[in-house]
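Reading the structure
Each chain, letter by letter, is given below.
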Amino acid sequence: MAVELTILTVPDCPHTPVLDERLAQVLAGRPDVSVVRRVITDGRAAARSGMRGSPTLLIDGVDPFDDTADPPSMSCRIYRDSAGRMEPVPSVAALREALEIAAMPDPRPEPWSDPLGRFGAGRVAPVMGGLQAGHQLVLRSFATIGQAPSAAELAQAVKPYDADPEKVLADLHAADFLRLDEAGRIRAAYPFSADRTAHVVHIAGGPRVFAMCAIDALGIAAMLGTDVTIRSADPAADNPITVTVPAQGLNAVWDPVTVVVFAGRQADCVPCADPCADPIAESIAVAADQAPPMMPPAAAADVCCAYVNFFATAAGAATWAESHPQITGRILGQVDAVRLGSQIFGPLLTARADERRNGSPRRDGGNN
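Residues numbered from 1 in each chain as written. Predicted model: local features only at pLDDT ≥ 70, side-chain atom pairs only at ≥ 80, totals over all residues. Heavy atoms only, no water.

The element strand 11 (residues 199-203) is largely enclosed, with a buried count of four among its five residues. Two elements, strand 11 and strand 12 (residues 208-211), share four bridges in a ladder whose sense is antiparallel. Among the inter-strand pairings, H199 is bridged to a residue of strand 12, identified as A211. Following strand 11, the chain reverses through four residues before pairing antiparallel with strand 12; G205 in that reversal takes a positive phi of roughly 75°. (Buried < 20%, exposed > 50% of the residue type's maximum accessible area, 1.4 Å probe, protein only. Helix = DSSP H or I, 4+ residues; strand = E, 2+ residues; numbered from the N terminus. Pairing = 2+ DSSP bridges.)

Running from amino to carboxyl end, helix 1 (residues 16-27) crosses helix 3 (residues 92-103) at an angle of 50°, the nearest separation of the two axes being 9 Å. For the element pair helix 1 / helix 3, the angle class is oblique. Between helix 1 and helix 3 the crossing geometry is right-handed. Of the residues in helix 3, those touching helix 1 at L19, R22, L23, Q25, V26 and L27 are V92, L95, R96 and L99. Its residues assigned to classes, the contact of helix 1 with helix 3 comprises seven nonpolar, one polar and two charged. (Axes fitted to C-alpha atoms, helices over the stretch in contact; angles between N-to-C directions. Parallel < 35°, antiparallel > 145°, perpendicular 65-115°, else oblique. Left-handed = near helix turned anticlockwise from the far one by under 90°. Contact = heavy atoms within 4.5 Å. Nonpolar A, V, L, I, M, F, W, Y, C, P; charged D, E, K, R; others polar.)

This part takes up helix 4 (residues 131-145). Taking 1.5 Å per residue as the helical rise, helix 4 with its 15 residues ought to reach 21 Å, and the 21 Å between its terminal C-alpha atoms agrees with that figure. What helix 4 keeps buried is the set L131, Q132, A133, G134, H135, Q136, V138, L139, S141, F142 and A143. Looking one or two residues past helix 4, G146 carries a phi angle of roughly 80°, positive in sign. (Expected span 1.5 Å × (residues − 1).)

Residues at a pLDDT of 70 or more form 82% of the protein chain, whose mean pLDDT is 83. Confidence over residues 106-113 falls short of pLDDT 50; this stretch has 13 contacts with residues more than four positions distant or in other chains. Every residue in residues 270-294 scores below 50 in pLDDT, and together they form 37 contacts with partners more than four places removed in sequence or on other chains. (pLDDT = per-residue confidence, 0-100.)

This next bit is on the sheet that holds strand 2 (residues 33-39). In space, the three strands of this open sheet follow the order 2-1-4, with mixed pairing throughout. A strand with exactly one partner marks an edge of an open sheet, and here the two such strands are strand 2 and strand 4 (56-59). Across this sheet, the average inter-strand angle for adjacent strands is 20°, counted without regard to direction. When strand 1 (residues 3-9) meets strand 2, the two strands line up parallel, connected through seven bridges. Pairing of T9 across the sheet is with V39, part of strand 2.

Let us now look at helix 3. Taking 1.5 Å of rise per residue, the 12 residues of helix 3 would be expected to cover 16 Å, and the 17 Å separating its terminal C-alpha atoms lies within 8% of that figure. Every buried residue belonging to helix 3 is among V92, A94, L95, E97, A98, L99, I101 and A102, and all of these are buried.

Written as structure tokens, this is what we have:
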């Protein structure tokens, strides 16, 4: 698969020779890669081209090191190595990992086939019926004490809505905001797991918790606005993996620096042929004179969480994927993996839905 690199620099950028030297090491024996150079001379050109400081490297038009924190700029660009130290260009290992991912086929699933994000519906529970209040209480409980709240705490949280706490949990389970066991106990509240998993997350100033999958683990920092350290392992080689994610999810530090995430799901996970209406959202939609949305066709815990893991290298992830044809998915680079986790879980504790959108008046005083 042919790959095109575009190097964007300001005139006489002092760091370009360093990037050239490192790329020479990475591109040795890679005739499938072509290199284009562009000199950017003003701010408008920087914005049009996507140059976030000089030098910027695009792979097939995409900046693999874009952490969304830096706007288009003519200034010197700053990158971080595996130890979090600042460098003027990406490391050889980071360049090699980005190229390996870019050269692989991209079996990108359609939006409806993404169980992590409730098949495009998102993970922010609606306010109506105390669902958001109950959901946010559960998440905060895991974040502060490492376990689900008590029945009394849940009843207090949904009391302003005249809601039955058991029904709130049942409805949240039905729509895959959380998972209950056969006894009705909370066994998962994405991103948290009540059971031990391979992904151990140490919350700064808080408890040690378990995450349902690698993407869930990466989204906790943005959800809580708190630094976290993730300890996991490559499922194929059992190599230890550590990721430190600062609050808001930007500029994570990866050890080893070549870590990627494979986001997989069961290949036969498809939408229901005759999907049923989501009972939670149906009354909201009827009040707003809209067609009710459909329920997720499958719970993420059942079809994908076990297959969303950290791998020490992109090559290792590809080998694992080839040996598991019953699993479909794609390899995510570090920036994309953190971005996905932040997009899914970042809004969960800050979401505030208004009366018009939810078809139900707010009665919680804004504290849920």
